[in-house]
Amino acid sequence: MQKKEMIYEGKGKKMYATDDANLLIAEFKDDLTAFNAQKRGSEAGKGALNNKISTELFKILINNGVKTALVETLNDTEQLVKKVDIIPLEVVVRNIATGSLTKRLGIKEGTVLPFSLVEFYYKNDDLNDPIVTDDHCLVMNIVKDAKDLDTLRQIAKKINSVLFKFFEGKGLKLVDFKIEFGFDKDGEILLADEISPDSCRFWDAKTNEKLDKDRFRQGIGEVKVAYEEVLRRILS
């Protein structure tokens, strides 16, 4: 598989074309960003850790019937993935109140929600990724059919069910996570992007120690150590 020109660079990854029009190479970066990239940093080895973590979690989801864009891991920092048209939504699933949810609604930090909450955020840095309703999505042509939004919710809840149980067995609380989806060449919705401590919140089940990008957001430090601990538990 020949790696060709870079076609996109995001906060956490670079995407490269290949000699197959339906396949791309995703390269995980060591960059760290928070607050819509207002805070920036870098942690050597973070990209490789996220690649390994995301690969393992995608494999678990694939084995549980979730269709993803992942084809294979190529090396420490790169994956071969199916080319998809990304739906410009961040699909957020919340199990425990923290972050923006506590700020918006005043729900006490650490409150276990009575059911898993699925929210949609419009992927637009200039607008600070605002939360949107189904009708907003239809008005803006983010999706063409409300059924697509139902599908996103259904898949997101399945992913949450699988991963929540998995991490519970590893002594971690899956507090919340952000995922992205895209349409493949046949119009099927696939899980894309990544699932890693960059896009999830993990708390230790006993101590509530944060083992995710909140360590960077909040200036706690030892980001790489936390990511390494998440990987260790996944592989244990």
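Conventions adopted
Residues numbered from 1 in each chain as written. Predicted model: local features only at pLDDT ≥ 70, side-chain atom pairs only at ≥ 80, totals over all residues. Heavy atoms only, no water. Helix = DSSP H or I, 4+ residues; strand = E, 2+ residues; numbered from the N terminus. Rg over C-alpha atoms; globule rule 2.2 N^0.38 Å. Buried < 20%, exposed > 50% of the residue type's maximum accessible area, 1.4 Å probe, protein only. Contact = heavy atoms within 4.5 Å. Areas by Shrake-Rupley, 256 points an atom, 1.4 Å probe, with all protein chains shown as cover. Lys, Arg positive; Asp, Glu negative; His and termini not counted. Charge placed at Lys NZ, Arg CZ, Asp CG, Glu CD. Polar contact = N/O pair within 3.5 Å; in protein donor to acceptor, adjacent residues only side chain to side chain. Phe/Tyr/Trp six-rings, centres within 6.5 Å; stacked < 30°, edge-to-face > 60°. Pairing = 2+ DSSP bridges.

J.: Sorry, what's going on with the overall build of the protein here?
T.: Along its length, the protein carries six helices and 14 strands. Here the protein has a C-alpha radius of gyration of 17 Å; the compact-globule value for 236 residues is 18 Å, and the two agree. Seen through its C-alpha atoms, the protein measures out along the principal axes to roughly 50 × 40 × 35 Å. The buried share of the protein, taken over its 236 residues, is 50%. Within the protein, contacts between residues at least 6 apart in sequence are counted, and of these 55% link residues at least 24 apart. Only carbon and sulfur atoms are counted for the fraction: they give 49% of the accessible area of the protein, which is about 11,800 Å². The centroid of the 38 positive side-chain charges in the protein is displaced by 4 Å from the centroid of its 40 negative side-chain charges.

J.: Honestly, the side chain of Glu180 in this entry has me stumped. Any pointers?
T.: Looking at the element boundaries, Glu180 is found in strand β12 (residues 172-183). Among the residues examined, Glu180 registers a relative accessible area of 8% and is labelled buried. A distance of 3.3 Å separates polar atoms of two side chains, one belonging to Glu180 and the other to Lys178. Those residues in contact with Glu180 that lie beyond four places of it in its chain are Ile86, Leu89, Glu90, Lys123, Leu190, Leu191, Ala192 and Asp193.

J.: What's the story with unusual backbone geometry in this structure? I'm lost.
T.: For residues other than glycine, phi is negative in most cases, and the peptide bonds are mostly trans. At Phe35, a position not held by glycine, the phi torsion is positive, near 55°. Assignment of secondary structure puts Phe35 in the loop between β4 (31-34) and β5 (39-42). Within the chain, Asp129 stands out as a residue other than glycine whose phi angle is a positive 50°. Topologically, Asp129 is positioned in the loop between β10 (112-122) and β11 (131-132).

J.: Teacher, can you tell me more about the packing of aromatic side chains here?
T.: Working definition: an aromatic ring pair is given by the centre-to-centre distance plus the angle between the planes. Under the definition given, this model contains two aromatic pairs. An angle of 75° between the planes, with centres 5.2 Å apart, marks the rings of Phe166 and Phe167 as edge-to-face. Phe167 matches Phe166 in its accessibility class, with the two residues each being buried. With centroids separated by 4.7 Å and ring planes inclined at 50°, the aromatic side chains of Phe167 and Phe202 adopt a geometry described as tilted. Of this pair, Phe167 sits in helix α4 (residues 146-168) while Phe202 sits in strand β14 (residues 200-204), and the two are 35 residues apart along the sequence.

J.: Teacher, can you tell me more about the environment of Glu56 here?
T.: By the secondary structure assignment, Glu56 is in helix α1 (residues 46-63). Classification of Glu56 as partly exposed rests on a relative accessible area of 27%. Sequence-wise, Glu56 and Leu231 are 175 residues apart; in three dimensions their C-alpha atoms are separated by 8.9 Å. With sequence-adjacent residues up to four places away left out, Glu56 is seen in contact with Ile234 and Leu235.

J.: What is the right way to read the pairing of strand β7 (residues 78-82) from this model?
T.: Note on strand geometry: in a regular strand, side chains alternate between the two faces of the sheet. Buried residues dominate β7, accounting for four of its five residues. With five bridges joining them, strand β3 (residues 23-28) and β7 adopt antiparallel strand pairing. Its bridge partner being in β7, Glu27 is matched across the sheet by Glu78. Pairing analysis gives three bridges linking strand β6 (residues 70-73) to β7, with the strands arranged antiparallel. Bridging across to β7, Leu70 finds its partner in Val81. Following β6, the chain reverses through four residues before pairing antiparallel with β7.

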